[in-house]
Amino acid sequence: MMTALRFIASLAILIGCLWAAKLITATFALNLPAPLLGLLILFGLLQSGLLKSKYLLPACNPILKYMALFFIPAGVGLINYMAIFSQYAWLLASVLILVPALGLFLTGKLASQGRFHD
Amino acid sequence: MINILVGCAFTLVLFAIMRRINHRWRSPILNPVLLCIVLVSAILLFGDIDYIDYRNATTPISFFLEIAVVALALPLYQQLHAIRPYLMLIGLSSFLGISCATITAFMLCHWFSAPEPLMASLMALSVTTPITLIVTDTLSGLPGIAAIMVILIGVLGGVFGLSLLTLAGVTQPQAKGIALGVACHAIGTAAAMEHHPAAGAFASAAMIVSAVLTASWVPVLFTLLQGIIS
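- The name an unreviewed UniProt entry assigns to chain B is LrgB family protein, from the organism Pseudoalteromonas rubra.

Here it is as structure tokens:
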């Protein structure tokens, strides 16, 4: 019972941040995506000490752990674009290989300039 | 028409089964989301069910997509003190990695003369899917294509990423972690965690920093690139 209440309370904080962000982006016609602003609002609340991280754990842990589940409906949308997939197969294949390969190579090279101590 | 209860329960059960399969064999190729998307798509196609019906029946699941992005604030906050000395390096690496991914995809699209909506779907592929979907939406791209491409990039990075980094002469686990987190989001982060705990911590920090950067920088970069080309 308590766990369920804690989950609902922390989910309410997340939804509150998202709605506040939506309200702000709509009022000021900002180009910033609302969920990202919501992330920044929540981060600000945590950083300023107004909100303790233990209040967020009950909802954040399962949501982040099973986040992958939430993409399935959007991903299935690919069935509407089967024609594009076959028409641009070469483009998509080159993007699939080049984008992560170049990204890993350059980022890895830059990041290895860091002096890390264990 | 499919009912909301059926649509959600079906997706949840399928996801739970695929996760078990993934845990049993531990291979990035058996990515649970990828398997679920392929299976659901096949079922809809063979069962002659409209995608719109399935999408409407699963709105409670998609609702959490935006919530999940907000929830990313917690791990960022929790890791901030551990990574603070390297924040500049992680920020610069993310900036380089994201810009490189967007420019590469843009040039390829230009080369293959891809239509505008397709191009807009390929601009933000190295970050975690909810951010990609949000950026794709901002640029009026096709979410289905963006989602599947992000997952495939993550899977490829998870399978080949560490060997590629070793080949490139990157030796420190922290640097490998940053590269995997920036270029291959959550699936790369999972691979980094299995490789080394320090790599995992840096990967998840890099993943979140690039998520924030992507959402704010990619739409601007895309407009800039379009301005240069035309």
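There is more to say after this.
Things to note about the interface of chain A and chain B
(1) Moving on: Chain A puts 70 residues into the contact, and the matching count from chain B is 88 residues.
(2) Moving on: Each partner contributes to the roughly 7300 Å² buried at the junction of chain A and chain B, and carbon and sulfur atoms together form 84% of this total.
(3) Moving on: Seen at the junction of chain A and chain B, the total is one salt bridge.
(4) Moving on: With its nearest N and O atoms 2.8 Å apart, the salt bridge here joins Lys22(A) to Glu66(B).

Describing the UniProt feature "transmembrane region" (unreviewed entry) in chain B
Residue and element names in this part refer to chain B.
(1) Moving on: Annotation from UniProt places "transmembrane region" (unreviewed entry) at residues 29–49, 61–80, 86–111, 118–136, 142–165 and 199–225.
(2) Moving on: Each end of residues 29–49 is marked by a C-alpha atom, and these two atoms are 27 Å apart; helix forms 71% of the span and strand 0%.
(3) Moving on: Taken end to end, residues 86–111 has its terminal C-alpha atoms 37 Å apart, with 96% of it in helix and 0% in strand.

Quick look at the packing of helix H1 (residues 4–25) of chain B against helix H4 (residues 59–71) of chain B
All names here are of chain B.
(1) Moving on: Put simply, H1 and H4 touch, their axes get as near as 8 Å, and they point 60° apart. With respect to H4, the axis of H1 lies oblique. The residues of H4 that touch H1, namely those facing Ile-4, Cys-8 and Thr-11, are Thr-59, Pro-60 and Ile-61.

Some thoughts on unusual backbone geometry
Residue and element names in this part refer to chain B.
(1) Moving on: Of note in this structure, Ser-140 is not a glycine but carries a positive phi near 50°.
(2) Moving on: For Ser-140, the location among the structural elements is in the loop between helix H8 (129–138) and helix H9 (143–167).
(3) Moving on: On the basis of relative accessible area, Ser-140 is assigned to the exposed category, the value being 54%.
(4) Moving on: A positive phi angle, near 40°, is found at His-185, a position not held by glycine.

Conventions used here
Every chain's residues receive numbers from 1 upward, in the order its sequence appears when written. Following the order in which they are written, the chains are lettered starting with A and the ligands numbered starting with 1. Restriction of local features to residues with pLDDT of at least 70 applies here, the model being predicted, together with a cutoff of 80 or more for giving and counting side-chain atom pairs; totals for whole chains, interfaces and linings are based on all residues. Side-chain calculation: all heavy atoms of the structure are included, whereas hydrogens and water are not. Two residues qualify as a contact provided that any one of their heavy atoms is within 4.5 Å of a heavy atom in the partner residue. Buried area: the accessible surface (1.4 Å probe) lost by two parts on joining, summed over both. The salt bridge criterion pairs a side-chain nitrogen of Lys or Arg with a carboxyl oxygen of Asp or Glu, the two atoms within 4 Å. UniProt positions are given in the numbering used here, feature names are shortened, and annotations may be inferred rather than shown by experiment. In this description a helix means any DSSP run of H or I spanning at least four residues, a strand means any run of E spanning at least two, and both kinds are numbered starting from the N terminus. Note on method: axes are straight lines fitted to C-alpha atoms, helices fitted across the in-contact stretch only, with angles between N-to-C directions ranging 0 to 180 degrees. Each angle is binned into one of four classes, with values under 35 degrees roughly parallel, values over 145 roughly antiparallel, values of 65 to 115 roughly perpendicular, and all other values oblique. Relative accessible area decides the class of each residue, using a 1.4 Å probe on protein chains only: under 20% of the type maximum gives buried, over 50% gives exposed, and in between gives partly exposed.

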